[in-house]
Every structure is written in C-alpha cells, then in structure tokens.
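Secondary and tertiary structure notes
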Amino acid sequence: MKNIAICYSEHAIKVSDSYCSGPSNTAHTSSQLITPSSIQNGVSCVYKVKHSSQKQFLIRFTWCNRSNRGFCFEISDILLSVPKFSKKFRILHRESGSEVFESSGLRIEAVWDLRRAKYESGPEPVSSFYVAILVHSEVSLILGDLQHELETKKRIPDLKLPEFSLISRSEYFSGNSVYSTRVKFSENGRYHDIVIKCCGEEHTTSLRNLMLSVYIDKKSVVQVKRLQWNFRGNQSIFLDGLLIDLMWDVHNWLFNPSSSGYGVFLFRTRKGLDSRLWLEDKNLEHNQHEKVGISFLICAGKNPD
C-alpha cells in the first residue's frame, strides 16, 4: 500500500466542515443513492495494545466471510514483523468456547460467545456477543457488548478494560460498482455513512465516460470525471473537526478487468502538525509512542467471488 501515494500531490483540495456535516444543496436523497450494494466479505482491524508490563504490541483481528463464518487473529511486536502468533477459528459448530495456546514465549487464550450475536449485511457481529484475547492471563483485547458475561465465565471480578486503540480498519467487498459502509474517524466520534459509486456519466458505459463518486452522509464530497486518466488520486476532507485524506486507486478496475484485483480507497486522519499525506509503515516501528491517525481501507472487487 505504500506506493499508492507515489503519484499523489501534497496539494490536495480541501472540503469544509459545513460542506460535509451541515446542510447542503448538493445533498442526495436516499432514493437517489439506492442501488443494490456489493457484498462485504471480510473485516480486518489492527489494534495497538498496551500490556500491564508496559510492553506494547499489535493484534490484527479479522472477521471472515459469513458463508464460512469465523474469525482469526495475529499478534506481533510491530506492524512489519512476522507475527508471533496466528490462529484461525471457524465457528459454524462452535459459537462459544475458549482455547489456550503458547507461542514465542506468550501464553494466549481466546474466549468467545457468538450464540446470540446479531449481524447486519457483513460478517462482523454488531451486538449481543463478546470475544476476548488474553495474554499471560490478562485481558488485552475485548470486542462486543457482553463483557459482563466474561467476568462471570472467567471469574474475573471487577474486570478492568484493557488499554487498546484502533489503528486501522479494512473492509473487503465483491459485487457490483456500488459500495456502502459506516465508519467512525475517531474513537469518540459519530458514525458516518459512506457510499462509493463507479458508473458512466449520463448513464453511458463507455470507458472514457466513467465517473467515480464518493458520498458521506448522502452528500457528494468527491466526483472524479475522466476516470481512465484519473484512476489514482487524492483529496482532503474536513469532517468532525478532522482533516481526512481520501486516496483511491482503481487501475485494476479499468485496465485489468479479467483479474481479481481490487479497487482501493483509503481514508486516513491526520494528527497534530502531521502534513504528510502518507505515513510510512516503518515509522510505526520507530515512533511507537507517537499518536498516529486512524486508517480506514476499502478493498472493492467489481466481480462476485
């Protein structure tokens, strides 16, 4: 993903808060955006975890395709290192349980209960579940809204919430050329509806007339015409008081139609005085204590699996 930014200019166009968050004459009604959406096949999140020993590490947690439902996770010291531990679970016949593992000097336990989990359109449950990852008997990551049941099951009185933060979230889609999801750009922020459409101008199908449109909360924030010439690009958006870089690369959509390649859309928040459009992965190794922005990645395939 690093070289996606090579062609991008640092002089991105900025869209004001009032444009994205307030009333606008360019707002689109729900009926204008109603088109059969693509299928969400997977969700992968990277969390930065701080253990009571003050050691920091990363947990990558992935929810798998609902047709073959399950989850997997990896634990590593830094983003670019080989994972110390990697495990995949299939929960078709094990919707609750626990397992203990030892790897690279780590004692790891996974505990989960998805028996009453509620889902929307994707493989990630939205309520009535919990999944916890324990490292050396300490809860390091907990997902879901039923943590009180974990206290009972694991006999952990006054369960202390682990100290972790979301670094990045990736969502994988297949289907047509309309992709919709909801996302928060800060831990305490509100959810925003995102719709990405790739279609011909004036309903044509010619390659030279393709246009890319991005909507946030039903308001158009990006329109890219002549997509065959602008298949990579970037734009900056102000939203909820944050500066957010949107970067796209749809080269495979246009020029490799027979491949299984994805169109890539990356939203990344900037922090403080950070003026860099892209934060090199290696900087995460050397600046583990620096607060970096949240990255949200959409990988979109135009053809069904």
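Everything below is about the structure printed above this text.
Note that the structure is predicted; figures quoted are calculated from it, not measured.

**Examining the environment of glycine 175**
Relative to the helices and strands, glycine 175 resides in the loop between strand 12 (163-174) and strand 13 (178-183). Its relative accessible area of 14% is what places glycine 175 among the buried residues. For glycine 175 and glycine 301, which are 126 residues apart along the polypeptide, the C-alpha to C-alpha distance reads 6.5 Å.

**Brief notes about the state of the cysteines**
One pass over the structure, following the stated rule, counts zero disulfides. No disulfide involves cysteine 64; its nearest neighbouring cysteine sulfur is the one of cysteine 72, lying 4.5 Å away. Residue cysteine 64 is classed as buried on the basis of its relative accessible area of 11%.

**Thoughts on the sheet that holds strand 15 (residues 210-216)**
Pairing is antiparallel across the open sheet formed by four strands, whose spatial order is 13-14-15-16. The sheet is open, and its two borders are formed by strand 13 and strand 16 (219-224), each paired with just one other strand. Between one strand axis and the next, the sheet turns by 15° as a mean value, whatever way the strands run. Direction of pairing for strand 14 (residues 192-200) relative to strand 15: antiparallel, over a ladder of seven bridges. Each residue of the ladder has a partner; that of isoleucine 196, found in strand 15, is valine 214.

**Some remarks on the packing of aromatic side chains**
Each aromatic ring pair is summarised here by two numbers: the centre-to-centre distance and the angle between the ring planes. Tallied over the full model, the rule gives 13 aromatic pairs. Here phenylalanine 61 and phenylalanine 71 contribute two aromatic rings whose centre-to-centre distance is 5.3 Å and whose plane-to-plane angle is 15°, an arrangement assigned as stacked. With phenylalanine 61 in strand 3 (residues 56-63) and phenylalanine 71 in strand 4 (residues 70-76), this residue pair connects regions lying ten residues apart in the sequence. The class of phenylalanine 71 is buried, set by a relative accessible area of 0%. By the ring-pair criterion, three or more aromatic residues cluster together here, those being Phe61, Trp63, Phe71, Trp112 and Phe129.

**Here we look at unusual backbone geometry**
For histidine 136, which is not glycine, the phi torsion reads 50° and is therefore positive. Here histidine 136 is to be found in the loop between strand 10 (130-135) and strand 11 (138-144). Taking relative accessible area as the criterion, histidine 136 reaches 41% and is therefore assigned partly exposed.

Criteria and thresholds
- For every chain, the first residue of the written sequence is number 1, and numbering continues from 1 along that sequence.
- Side-chain atom pairs in this predicted model are given and counted only at pLDDT of 80 or more, local residue features only at pLDDT of at least 70, and totals for whole chains, interfaces and linings cover all residues.
- Side-chain numbers here rest on the full set of heavy atoms in the structure, without hydrogens or water.
- Helix and strand definitions here come from DSSP, where helices need a minimum of 4 consecutive H or I residues and strands a minimum of 2 consecutive E residues; each element is numbered from the N-terminal end.
- Exposed residues in this analysis have more than 50% of their type's maximum accessible area, buried residues have under 20%, and partly exposed residues fall in between, with area computed by a 1.4 Å probe over protein chains only.
- By definition, disulfides here are pairs of cysteine sulfur atoms that lie within 2.5 Å.
- Whether two strands pair depends on DSSP finding at least two bridges between them.
- In this analysis an axis means a line fitted to C-alpha atoms, helices contributing only their contacting stretch, and an angle means the value between N-to-C directions, from 0 to 180 degrees.
- For this analysis, a ring pair means two rings from Phe, Tyr or Trp (six-membered ring only for Trp) whose centres lie within 6.5 Å, classed as stacked if their planes differ by under 30 degrees, edge-to-face if by over 60, and tilted for the remaining angles.

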